[in-house]
Amino acid sequence: MRTPPSGSGPESPLLRIMWGNAFLLSMLYLLVGVVVEIALRLFPSRFLQRLSLSLDSLPARALELMGAMDPLRTAFFNGHISESGVRLIFGLTTVVVIFLLALVVGTVMGTLRYFIARAAYRRGR
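Residues numbered from 1 in each chain as written. Predicted model: local features only at pLDDT ≥ 70, side-chain atom pairs only at ≥ 80, totals over all residues. Heavy atoms only, no water.

### Focus: helix 3 (residues 69–77)
Every buried residue of helix 3 is accounted for by M69, L72 and A75. One face of helix 3 carries all of its buried residues, which in axial projection span an arc of 130 degrees. Where helix 3 is buried, its residues touch helix 2 (46–66) and helix 4 (83–124). G79 occupies a position one or two residues after helix 3 and carries a positive phi of about 80 degrees. (Buried < 20%, exposed > 50% of the residue type's maximum accessible area, 1.4 Å probe, protein only. Helix = DSSP H or I, 4+ residues; strand = E, 2+ residues; numbered from the N terminus. Arc of directions from axis to C-beta. Contact = heavy atoms within 4.5 Å.)

### A look at the pattern of salt bridges
Under the definition given, this model contains 4 salt bridges. Here E37 ties to R87 by a salt bridge, and the two come within 3.3 Å at their closest N and O atoms. Of this pair, E37 sits in helix 1 (residues 13–42) while R87 sits in helix 4, and the two are 50 residues apart along the sequence. Since its relative accessible area comes to 29%, R87 is described here as partly exposed. (Salt bridge = Lys/Arg side-chain N within 4 Å of Asp/Glu carboxyl O.)

### What about the packing of aromatic side chains?
Overall, the coordinates contain 2 aromatic pairs when judged by the stated rule. With a centroid separation of 5.5 Å and 65 degrees between ring planes, the pair formed by Y114 and F115 is classed as edge-to-face. (Phe/Tyr/Trp six-rings, centres within 6.5 Å; stacked < 30°, edge-to-face > 60°.)

### Considering the packing of helix 1 against helix 4
It is at 9 Å that the axes of helix 1 and helix 4 come closest, and there the two elements cross at 150 degrees. The angle between the axes of helix 1 and helix 4 places the two elements in the roughly antiparallel class. The hand of the helix 1/helix 4 crossing is right-handed. In this structure, helix 1 contributes L14, M18, W19, A22, F23, L25, S26, Y29, L30, E37 and R41 to the contact, and helix 4 contributes E83, R87, G91, T94, V95, I98, F99, A102, L103, G106, T107 and G110. Looking at the contact of helix 1 with helix 4 residue by residue, the class counts come to 13 nonpolar, 6 polar and 4 charged. (Axes fitted to C-alpha atoms, helices over the stretch in contact; angles between N-to-C directions. Parallel < 35°, antiparallel > 145°, perpendicular 65-115°, else oblique. Left-handed = near helix turned anticlockwise from the far one by under 90°. Nonpolar A, V, L, I, M, F, W, Y, C, P; charged D, E, K, R; others polar.)

### Some words on the side chain of S26
One can find S26 in helix 1. The exposure class assigned to S26 is buried, which follows from its relative accessible area of 1%. Reaching out from S26, the side chain makes a polar contact with the backbone oxygen of A22 at a distance of 2.8 Å. Contacts of S26, omitting those with residues within four sequence positions, involve V95, I98 and F99. (Polar contact = N/O pair within 3.5 Å; in protein donor to acceptor, adjacent residues only side chain to side chain.)

Dropping the structure here:
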């Protein structure tokens, strides 16, 4: 007698893939951000400014949704936090957002896969 596929336990390769993809996407996003910032310092241009702003929009919107953008903005303009501190906060926020998105998408896809496998198992009995 066949057993239904689990797909959701700790032994699941799906969870490892989700974490791996989230890590890879986070590092890629941060690497692109660092390269853009370095290029902006060395070769200031309108294109690089817009690219930098578009990269900053993801963490800025996430911080705005959490209500943390106004205090961060105030701290920056009052000199309590440096530009590199803001960049660090934006980078960490981006990593968290990407990990959460990867977990949500992976969970939805894993659940869908589970129900499809379960339906196939029932038809095969």
